[in-house]
Amino acid sequence: MKGDDMGGCVSKQSNSTAFDSLGEGQKALLTKMAFSNALDKYYRGDARVRGIKSRLGHITSEIIESAEPGEAEKKFYQFYNNMLNRMKSGESIMAIEQLINDYTV
């Protein structure tokens, strides 16, 4: 059996991702980690990154403790994707910081 054949079998599995199978709270933590990595990647060395990461920690705690953590996690993940696109396009760290500080769960 060739390696290509194995790839065909794997592609026929369900469309769900490992992210989708995570439990409540785990998605928020994973999203926070991805956010932190993106900040390091796009704004390495900027003094504001540490404060932003602290705010992300507070947001993550609020999500986990919220009445509807599943919906809050979904909203946070969508926010992360929006911020990631802004980071990739060269948005200033000050603009990113302001949007994160204004984020509510």
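Residues numbered from 1 in each chain as written. Predicted model: local features only at pLDDT ≥ 70, side-chain atom pairs only at ≥ 80, totals over all residues. Heavy atoms only, no water.

In this structure, what is going on with the packing of helix H3 (residues 48–65) against helix H4 (residues 69–88)? I would like to understand it.
The contact between H3 and H4 brings their axes to 8 Å, and the two run at 150°. Classified by the interaxial angle, the pair formed by H3 and H4 is roughly antiparallel. The segment H3 lies against H4, with Leu 56, Ile 59, Thr 60, Ile 63 and Ile 64 engaging Pro 69, Ala 72, Glu 73 and Phe 76. Looking at the contact of H3 with H4, its residues break down into seven nonpolar, one polar and one charged. (Axes fitted to C-alpha atoms, helices over the stretch in contact; angles between N-to-C directions. Helix = DSSP H or I, 4+ residues; strand = E, 2+ residues; numbered from the N terminus. Parallel < 35°, antiparallel > 145°, perpendicular 65-115°, else oblique. Contact = heavy atoms within 4.5 Å. Nonpolar A, V, L, I, M, F, W, Y, C, P; charged D, E, K, R; others polar.)

Explain the nonpolar core here, please?
The tendency in soluble globular proteins is for nonpolar side chains to be buried side by side. Ranked by size, the top nonpolar core spans 21 residues in total, and within it Phe 35, Leu 39, Leu 56, Phe 76, Met 87 and Ile 100 carry the most contacts. Only helix H2 (26–43), H3, H4 and helix H5 (93–102) provide two or more residues apiece to this core. For this core, the element with the highest residue contribution is H4, accounting for seven residues. In this structure, Ile 100 is in contact with Phe 35, Ile 52, Arg 55, Leu 56, Ile 59 and Phe 79, ignoring residues within four places of it in sequence. (Core = buried A, V, L, I, M, F, W, Y, C linked by side-chain atoms within 4.5 Å. Buried < 20%, exposed > 50% of the residue type's maximum accessible area, 1.4 Å probe, protein only.)

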